[in-house]
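Survey of secondary and tertiary structure
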Amino acid sequence: MILQNDNPLIKFLNILVLISSIAILVVISIELLSSNNFPSERFILNFHLVVCSFFLTDFFVRWYYSHEGWHFLVKNIFLLLVAIPYLNIVHATSAHLSHTAWVLLRLIPIARGMYGVSMIVSWMTRSKMTNLFTTYLVILFTTIYFCSIMFYFVEHGPNPLVKNYWDAFNWSLMNVTTVGSNIFGVTKLGQSLAVVLAAAGMIFFPIFTAYVTTKFQNKRKGIQEPAE
């Protein structure tokens, strides 16, 4: 999350991290959905190296100014792990990875993008310009989008039913509503994503129902009170 601090350096790094996270979402979407090898592998490696540099700098600067010592590291270990440029390390060392390990490695940038979305949602929650419903919609759409793009990445090819991204997006929509889709994952990750979406649907839709019910009751109460 964005650290609340008056330090100009931290504020500047917060902005860089936020912009980098949004850029990751754009680049990873183009990379996974493009059919003509655009952008190039060299561009991807350079891009991730720059972004990871911003993330690592932000992490260590915040650690320095937090005065929490090793407690800060333990509390924010996930942010450090997703800031490491794994793709560049593997490329530089010419390490040989299994197909599963390589796929998971390629999906790590999505976790960095999710971090950026969490920052945006955090801002929206605090902002008076927006409300809980808007935040709810952002979280729901983000979950659907991330799961659909990961499903497409791992299932396109092995799964003959996933011919294009829209098949994956439809699969994601149907699963988050817990109705289920006629497309079934053939990879372990694809099957796991179906469980994640179903669980997310069972969490999100009751929240939506409770929100609408509360709004309706408050409005009805506001109408009835003047007549009493």
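Up top is the structure these notes are about.
Residues numbered from 1 in each chain as written. Predicted model: local features only at pLDDT ≥ 70, side-chain atom pairs only at ≥ 80, totals over all residues. Heavy atoms only, no water.

Let's talk about the environment of valine 61
Definition in use: Each helix is a run of DSSP H or I of at least 4 residues and each strand a run of E of at least 2, with the numbering of both proceeding from the N terminus. Residue burial is assigned from relative accessible area. The probe radius is 1.4 Å, only protein chains are included, and a residue is buried under 20% of its type maximum, exposed over 50%, and partly exposed in between. Two residues form a contact once any of their heavy atoms are found within 4.5 Å.
Structurally, the position occupied by valine 61 is in helix H2 (residues 41-66). Residue classification places valine 61 among the buried residues on the basis of a relative accessible area of 15%. Separated by 52 residues in sequence, valine 61 and leucine 9 have C-alpha atoms that sit 8.4 Å apart. When sequence neighbours within four positions are dropped, the list of residues in contact with valine 61 reads Leu9, Ile10 and Leu13.

A look at the packing of H2 against helix H5 (residues 86-93)
Here is the rule: Between N-to-C directions, angles span 0 to 180 degrees; the directions come from axes that are lines fitted to C-alpha atoms, helices contributing only their stretch in contact. Here the angle decides the label: under 35 degrees means roughly parallel, over 145 means roughly antiparallel, 65 to 115 means roughly perpendicular, and every other value means oblique. It is the rotation of the near helix from the far one that decides the hand of a crossing: anticlockwise by less than a right angle makes it left-handed, clockwise makes it right-handed. Throughout this entry, Asp, Glu, Lys and Arg are counted as charged residues, while Ala, Val, Leu, Ile, Met, Phe, Trp, Tyr, Cys and Pro are counted as nonpolar. The remaining residues, Gly among them, count as polar.
Here H2 crosses H5 at 125°, and the two axes come no closer than 8 Å. In terms of orientation, H2 and H5 fall into the oblique class. For the pair H2 and H5, the sense of crossing is left-handed. Packed against H2, whose contacting residues are Arg42, Ile44, Leu45, His48 and Leu49, the element H5 presents Leu87, Asn88 and His91 at the interface. Of the residues in the contact of H2 with H5, the class split is four nonpolar, three polar and one charged.

Comments concerning the pattern of salt bridges
Note on pairing: side chains with opposite charge can pair once their charged atoms come close. What counts is decided by this rule: Salt bridge, as used here, is a side-chain nitrogen of Lys or Arg placed within 4 Å of a carboxyl oxygen of Asp or Glu.
A complete count under the given rule lists two salt bridges for this structure. A salt bridge links aspartate 58 to arginine 62, with the shortest nitrogen-to-oxygen separation between them at 3.2 Å. With aspartate 58 and arginine 62 both in helix H2 and four residues apart, this pair spans about one turn of that helix. Comparing aspartate 58 with arginine 62, the two get one shared label, buried. Here glutamate 68 ties to lysine 75 by a salt bridge, and the two come within 3.1 Å at their closest N and O atoms.

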